[in-house]
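# Structural description and commentary
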Amino acid sequence: MGELSKIPNVGKATEKDLIVMGYTTVESLKGRTARQLYDEECALRGELIDRCQLYLYRAVEYFVNTPEPDPQKLKWWYWKDEFVEPSPCGAVCAECGLFPQTCGGCRKIKGKVYWLRYTGDNVCKVYDCCVNGKGHKNCGACEKLPCEKFTKDPTVSDEENAAHLESMVKRLKG
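Residues numbered from 1 in each chain as written. Predicted model: local features only at pLDDT ≥ 70, side-chain atom pairs only at ≥ 80, totals over all residues. Heavy atoms only, no water.

## Notes on the layout of surface pockets
Gaps left between atoms show up when a probe the size of a water molecule is rolled over them. Looking at the largest pocket, its volume works out to about 870 Å³. What lines the largest pocket is a set of 36 residues, among which Cys89, Ala91, Trp115, Asp153 and Met168 lie closest to the centre. Elements with a contribution of two residues or more to the lining of the largest pocket: α8 (125–133) and α9 (158–173). When residues of the lining of the largest pocket are assigned to their parent elements, the largest contribution, 7 residues, is made by α9. Of the residues assigned to the lining of the largest pocket, the class counts are 21 nonpolar, 8 polar and 7 charged. (1 Å grid on protein atoms, 1.4 Å probe; cavity = no way out; pocket = protein on both sides within 12 Å on 5 of 7 lines; lining within 4 Å. Points joined across faces, edges and corners; volume = space filled by probe spheres on them. Helix = DSSP H or I, 4+ residues; strand = E, 2+ residues; numbered from the N terminus. Nonpolar A, V, L, I, M, F, W, Y, C, P; charged D, E, K, R; others polar.)

Shown next as structure tokens:
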């Protein structure tokens, strides 16, 4: 096994496929997205392969493109759709510094986020309205986006809250 096997989650079979696809070093993978690698492997095999390989490639993408990757986030299962697709409010669990150690992800914890101790609520108001109330995956289709339920995170500054809200709404509308 070569250099690629040093990447977490890359075993003999994935390393072989990456080499056949033209990736022989960690450096050669930089800038490639998980979707590109997954699509290339599907084309190589001539069929749609198991989606778990996409999750593995997401972990690879994170590892090769992050200067100091969090060792906890290197497990392929933390790159499943439920942690990568926008949560009800538009946040992406896998991008959060609190995931997975402090927070297991909105869908897994059913909106019982860590900051509820500051608000006195039992569940995130956005999650409760979107998932429990309307049965949606996220607020992207809501005509009221963003509404008053998008409260400030009391653990960060007003500037950070504004930036987070802007990126979440953009992600949900995109």
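## Structural notes on the nonpolar core
Across soluble globular proteins, nonpolar side chains have a tendency to be buried as a group. Among the nonpolar cores identified, the biggest contains 18 residues, and Ile7, Leu18, Leu29, Leu37, Tyr57 and Val60 are the most heavily contacted of them. When contributions to this core are tallied by element, the ones reaching two or more residues are α2 (26–29), α3 (34–45) and α4 (52–65). Take this core: its biggest share by element is 5 residues, from α4. For leucine 37, the residues in contact, after removing those within four places along its chain, are Leu18, Met21, Tyr23, Leu29, Arg32 and Tyr57. In terms of nonpolar packing, the next biggest core, distinct from the first, is built from 16 residues, Val123, Cys124, Cys130 and Met168 among them. (Core = buried A, V, L, I, M, F, W, Y, C linked by side-chain atoms within 4.5 Å. Buried < 20%, exposed > 50% of the residue type's maximum accessible area, 1.4 Å probe, protein only. Contact = heavy atoms within 4.5 Å.)

## A word on the pattern of salt bridges
Pairing between side chains of opposite charge can happen when the charged atoms of each approach one another. Counting across every chain of the model gives 11 salt bridges. Between lysine 137 and glutamate 85 there is a salt bridge, with its nearest N and O atoms 2.9 Å apart. On the criterion of sequence distance, the pair formed by lysine 137 in the loop between α8 and α9 and glutamate 85 in the loop between α5 (81–84) and α6 (106–109) is long-range, its members being 52 residues apart. For the salt bridge of lysine 152 with aspartate 158, the shortest nitrogen-to-oxygen distance reads 3.4 Å. Accessibility expressed as a relative area gives 54% for lysine 152, which makes it exposed. (Salt bridge = Lys/Arg side-chain N within 4 Å of Asp/Glu carboxyl O.)

## A short note on the packing of helix α1 (residues 12–20) against α3
Where α1 meets α3, the axes come as close as 10 Å, and the angle between the chain directions of the two elements is 85°. In terms of orientation, α1 and α3 fall into the roughly perpendicular class. Contacts between α1 and α3 involve Asp17, Leu18 and Val20 on the former and, on the latter, Leu37, Glu41, Leu44 and Arg45. Residue composition of the contact of α1 with α3, by class: 4 nonpolar, no polar and 3 charged. (Axes fitted to C-alpha atoms, helices over the stretch in contact; angles between N-to-C directions. Parallel < 35°, antiparallel > 145°, perpendicular 65-115°, else oblique.)

## Focus on unusual backbone geometry
Cis geometry marks the peptide bond from phenylalanine 99 to proline 100; its omega dihedral reads 0°. Note that proline 100 resides in the loop between α5 and α6. Omega for the bond connecting leucine 145 with proline 146 falls within 30 degrees of zero, at -10°, which places this linkage in the cis form. On the secondary structure map, proline 146 appears in the loop between α8 and α9.

## Structural notes on α8
Helical periodicity: at 3.6 residues per turn, an α-helix aligns residues three or four positions apart in one direction. Among all positions of α8, only Val126, Tyr127 and Cys130 are buried. Relative to the axis of α8, the buried residues are bounded by an arc of 90° and lie together on one face. For α8, the elements touching its buried residues are α6. In the stretch just after α8, glycine 135 is the one whose phi turns positive, near 70°. (Arc of directions from axis to C-beta.)

## Describing α4
For α4, spanning 14 residues, the distance from its first C-alpha to its last is 20 Å, which sits close to the expected 20 Å at 1.5 Å a residue. By the criterion of burial, α4 is predominantly enclosed, with 10 of the 14 residues buried. Of the residues making up α4, those classed as buried are Gln53, Leu54, Tyr55, Leu56, Tyr57, Arg58, Ala59, Val60, Tyr62 and Val64. Elements in contact with the buried residues of α4: α1, α2, α3 and α5. (Expected span 1.5 Å × (residues − 1).)

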